[in-house]
Amino acid sequence: MDPLTHLIDVAKGEVAADLLLKGARIANVLTGEVYPANVAVAGEWIAGVGQEYTEGIETLNLSGLILCPGLINGHLHLESSLLTPAEYARLAIAHGTTTAILDPHEIANVLGTTGIQALLEASEALPLDFFFMAPSCVPSTPLETAGAALSSREIQKLLEHERVLGLGEMMNFPGVLGKDPEVLSKIIMARRGKKPIDGHAPILSGKGLNAYLAAGIESDHECIKREEAEEKLRLGMWLMIREGTAARNLKDLLPAVTPQNSRRCLLVLDDLEAGDLLPNGELDHAVRRAISLGLNPLTALQMATLHAAERFGLKDRGVIAPGKRADLIAVPELKGFQTALTVKNGKVVAREGKAYPLFHAGFGHQVLHSVKIKSLDASSFHLSLKADRAWVIRIVADQIITQKRSLPVKKDPTGMVVSDPEADILKLAVIERHKGSGQMGLGLVKGFELKAGALASSVAHDSHNLIVVGVNDQEMQHAVEEIVRMQGGLVVVQGGDVKSSLPLPVAGLMSLEPAETVASRMEKLKEAARDLGCPLANPFLTLSFLALPVIPELKLTDKGLVDVSQFRIIPLEPSE
């Protein structure tokens, strides 16, 4: 039978529903009400909502539960979870997320369109709909070396894909304000296709912000202060409030959300590691957190369903209503918001926190062999300075911003700068790993407090070159060599031994292991770092953002030390 004909017949009550969800109350995010109603499903679609629907080929009695629309995560970098799409979906659907909007600029910076296509293929046929935004800034700046560069022509081709909804976060706001032709051409393409354009404009205000919005950018997830959020809401932006691993902004930004403007607000995650996903949940955790901070439960639910659907033009989901996709979750109460049942496209896919088995796609050779560096030895990390002071990256605890500090440095008898554990000034290196060019940026960092050993990672936002910090050149070399051997990953070394590691062979960003294994090995890495003296709660997350030259104040790339406020490479030695 034709699906539409069947849908109408079920809605009219002439034939039984394929699936009848009865006995529950529904949370109506359109009207802000909770009331008793049955839901009749025909195939993948909701046919009818009301007490008059009583017949189903399959019937689920949901007495005592509240039916809600499936959650929609409006901004996610999947690669930051360190999990493959299928493994992420296994956990997310159990927590009620049925749709996620990915910005795959992490893998795009490594492998370009090949990486994006790999994620598109790996996320097909899963019980969670992964939509994509075309990465707008690959590389994010000319101040680093990425594995690929996405031209406006490649962006145009991506925008034609049915699962690519729009243009991803426009991090290069200086390029927008400076009217860079390539930047503007990408924006024009999205505008012509009437595609949404996501933003990324931390601290941008006043006329600069107005110009940024005038170009056609519509959302922002980088706000950290209430005043910043209010200004952006007043100027028409969608406010995405993050509550993930790297940034947790709900507490500071919720005061900006009012009954009058909440329709323009979304709950998102941005970056979420397996170690947070497993114990806390996915977007459901942000919903619970918002409610615990005083937000009306139905408003919180709207910000995790309807508002995301409206922002991205997903007209077939986000509400419980006839003709909408049967993406539904059941919870005992809105305040506690614990998912007891997940229905995706009219099929039960998870119960009581566990997903049904799903298909895990594989990856090709190019994706699994992405780490290429020129041979190096301990002397590769030698750092020579004439002055006795240098610009040092000072870590700010629990933040991805850093501070720029001029500090005295320690030198060996030959005049070479060496790490100084007593002063907590350690060598930092970023090594180009996509083309094997041998290009390396050397710098100094304060805040890791290592007394011995080295930490290294192939996750280093946004170009994901190798990054390593250590107390001596030999251990830094050893850490880098272990990353190359694993073809990507995280490692802690000491005295020639690997103390802990986590292989990330998928583009040097993601593991092929289950989330439980990834989270366990990550905890062991943190313990190993603590044993070396590092007090940071998540040292590898901190390390990964030290190479991101779009977040203030001082960062290091393979091209050198970057003063973000000046948007340029600067000498390591302060001028007189």
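This structure is a prediction, so every number in the text was calculated from the model and none was measured.

About the thresholds
- Residues numbered from 1 in each chain as written.
- Predicted model: local features only at pLDDT ≥ 70, side-chain atom pairs only at ≥ 80, totals over all residues.
- Heavy atoms only, no water.
- 1 Å grid on protein atoms, 1.4 Å probe; cavity = no way out; pocket = protein on both sides within 12 Å on 5 of 7 lines; lining within 4 Å.
- Points joined across faces, edges and corners; volume = space filled by probe spheres on them.
- Helix = DSSP H or I, 4+ residues; strand = E, 2+ residues; numbered from the N terminus.
- Nonpolar A, V, L, I, M, F, W, Y, C, P; charged D, E, K, R; others polar.
- Domains from an automatic or database assignment.
- Buried < 20%, exposed > 50% of the residue type's maximum accessible area, 1.4 Å probe, protein only.
- Contact = heavy atoms within 4.5 Å.
- Core = buried A, V, L, I, M, F, W, Y, C linked by side-chain atoms within 4.5 Å.
- Salt bridge = Lys/Arg side-chain N within 4 Å of Asp/Glu carboxyl O.

> Please give an account of the layout of surface pockets that cites residues and values.
For the largest pocket, the calculated volume is near 830 Å³. In terms of lining residues, the largest pocket is bounded by 35 residues, among which Ala246, Ala247, Asp398, Gln399 and Ile400 are the most central. Within the residue set of the lining of the largest pocket, elements represented by two or more residues are helix H11 (274-280), strand S22 (402-408), helix H17 (515-531) and helix H18 (539-545). Ranked by the residues each element gives to the lining of the largest pocket, the list is headed by H17, at 4 residues. Looking at side-chain class alone, the lining of the largest pocket contains 16 nonpolar, 8 polar and 11 charged residues. The two domains that each donate at least three residues to the lining of the largest pocket are domain 2 (70-319) and domain 3 (367-569).

> Provide a residue-level description of the environment of Ile551, including the pertinent values.
Secondary-structure assignment places Ile551 in the loop between H18 and strand S31 (554-557). For Ile551, a relative accessible area of 4% translates into the label buried. The spacing of Ile551 and Asp563 is 12 residues in sequence and 9.8 Å in space, taken between C-alpha atoms. Sequence-distant contacts of Ile551, that is, excluding residues within four places in its chain, are made with His200, Glu222, Ile400, Ile401 and Val564.

> Report on the domain arrangement of the protein, specifying residues and quantitative values.
Domain boundaries assigned for the protein yield domain 1 (3-64), domain 2 (70-319) and domain 3 (367-569). Computed over C-alpha atoms, the centres of domain 1 and domain 3 are 54 Å apart.

> Residues and numbers for the nonpolar core, please.
Judged by nonpolar contacts, the single largest core of 169 residues is most densely connected at Tyr88, Phe130, Tyr212 and Phe448. Summarising the domain contributions, this core has at least three residues from each of domain 2 (70-319) and domain 3 (367-569). Counting 20 residues, the second-largest nonpolar core is a separate cluster that includes Val39, Leu62, Ile320 and Ala340.

> How would you sum up the pattern of salt bridges? Please name residues and give values.
According to the stated counting rule, one finds 25 salt bridges in the structure shown. For the salt bridge of Glu218 with Arg311, the shortest nitrogen-to-oxygen distance reads 3.1 Å. Here the residue Glu218 occupies a position in the loop between helix H8 (206-214) and strand S13 (219-220), and Arg311 occupies one in helix H14 (residues 306-311), the gap between them amounting to 93 residues. Here Glu218 falls in the partly exposed class, since its relative accessible area comes to 28%.

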